[in-house]
Amino acid sequence: MKMKLNFVKVSILSTVLLLLNVSCCGKKSNSEAGVVENVIKHVYVIGIDGLSSEGLNKAETPHLDRLIQNGALCDPVRTVLPSSSSPNWASMLMGAGPEIHGITSNDWELDKHDLEPVVTNDYGYFPTIVSVICAQRPGIKTGMLYHWDGFGRLFEPTLADVDMNLPDEEKTADAVARYIKKEKPVFIFSQFDHVDGAGHHYGHMSQGYLDAISRMDSLVGIIMNAVHDAKIENETLIFVVSDHGGMDKGHGGTDWREVTVPFILSGAGVRKNFHVPVEVYMYDVAPTIVFALGMNAPYAWRGKAIECAFEGHEAPQDLLNMNRRKSF
């Protein structure tokens, strides 16, 4: 009899706990459901190839400064290695590092590479932000618009509504602006290559390099104006990212000037004039995008959403007293 009574008590307790669990799971937390429900409806990524932390700090950049004042700055952000374009753009798109997605150099091709990705989708790719968004929200408008033609081989073909390789930075910015004003897409990832070109031609931190950053700043202004003209400022997250810095006329190594870049998050749901106090890496870009849009990240991704950049989310507490390198 005693055993039976204990069994009844356990059964009742289990039922109560089950009901509590159902009740709790019926409403997702902010972390599970996204930043703030229905606040962020558009995420537009502006990728600036070759923008270093030092370059952003020294160039004249009024539009980027405005985004920082009205948003969150991640600086310094550490690249993956090698500090070259393909591994780092891929890590942003794929939420993992080269040792996982397999894109280890600028020579990578889908059918010609040294390291196989850990997992692949039906397209033969380690899952990118493009395929993740399209799988969870089929039919929404997405765009991949880029200046460097090599960028186009780093994500699944045919999935984005707009997949355009533009001949220069001006035409890239104009195409992004037109797409925003005409279609108000949910997601755009744009890539601009001329800052990197200036670093290779004139040398990093030369006047020619700094002028190229200032030119990029004016193109950022064109995109910001398009968001304003489309009347979606209050529901749009602008996410500025860079793939690597540089030294002299090159990059790819481990010098801090090569592996240190800034990220900027600004707009809907983002803290204002906030410096992100935790470490941020290339592979945190894709998880942050799905977090902002209230989607789920695939298990194969290894990056973390930069949650503390958003309103209502505190920075995680580190159990160890770590010495962190400050921005440059």
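In this report, the structure presented in the accompanying data block is examined. A quick note: this is a predicted structure, and the numbers were derived from the prediction, not measured. (Residues numbered from 1 in each chain as written. Predicted model: local features only at pLDDT ≥ 70, side-chain atom pairs only at ≥ 80, totals over all residues. Heavy atoms only, no water.)

Examining the sheet that holds strand 1 (residues 42–48)
Under the convention used in this document: Strands were regarded as paired on the criterion that DSSP finds at least two bridges between them. Helix numbers and strand numbers start at the N terminus; a helix is a DSSP run of H or I with at least 4 residues, a strand a run of E with at least 2. In what follows, residue pairs with any heavy atoms lying within 4.5 Å of each other are defined as contacts. The axes used here are C-alpha line fits, helices contributing only the stretch in contact, and every angle between their N-to-C directions lies in the interval 0 to 180 degrees.
Strand order across the open sheet formed by eight strands is 4-3-5-1-6-7-2-8, with mixed pairing between neighbours. With partners counted over all chains shown, the strands left at the sheet margins are strand 4 (162–165) and strand 8 (274–275), one partner each. For strand 3 (residues 142–146) and strand 5 (residues 187–192), the ladder comprises five bridges, and the chain directions are parallel. Bridge pairing in strand 5 links Y146 to Q191. Strand contacts of helix 10 (residues 207–229): strand 1, strand 5 and strand 6 (236–241), with the helix running at about 170° to strand 1, the strand carrying the most contacts.

Here's the deal with the pattern of salt bridges
For clarity, the threshold we go by: Within this document, salt bridges are pairs made up of a side-chain nitrogen of Lys or Arg and a carboxyl oxygen of Asp or Glu, the two lying within 4 Å of each other. The cut-offs for exposure are 20% and 50% of the maximum accessible area for each residue type, with area from a 1.4 Å probe on protein chains only; residues under the lower value are buried, those over the upper are exposed, and the others partly exposed.
On inspection of all chains with the given rule, the structure shows eight salt bridges. A salt bridge links E54 to K58, with the shortest nitrogen-to-oxygen separation between them at 3.6 Å. Taken together, the positions of E54 and K58, both in helix 3 (residues 53–58) and four residues apart, correspond to about one turn of that helix. The class of K58 is exposed, set by a relative accessible area of 54%. Close ionic contact of D255 with R257 constitutes a salt bridge, the shortest N to O distance being 2.8 Å.

Section: the nonpolar core
To keep things clear, this is the line we draw: Here the nonpolar core consists of buried residues drawn from Ala, Val, Leu, Ile, Met, Phe, Trp, Tyr and Cys, with membership extended through side-chain atoms lying within 4.5 Å.
In this structure, I129, M144, F151, F187, F189, F263 and I289 are the most contacted members of the largest nonpolar core, which totals 59 residues. The element that contributes the greatest number of residues to this core is helix 12 (residues 285–292), accounting for six residues. Excluding its chain neighbours within four sequence positions, the residues that come into contact with M144 are L93, V130, F151, F155, A160, V162, D163, M164, F187 and F189. Within the second largest apolar cluster, 39 residues are counted, among which are L56, L73, V176 and I223.

As for the state of the cysteines
Filter applied, for reference: Any two cysteine sulfur atoms lying within 2.5 Å of each other are counted as a disulfide.
Under the criterion given, the structure shown has zero disulfides. Its sulfur unpaired, C308 is 7.4 Å from the next cysteine sulfur, which belongs to C74.

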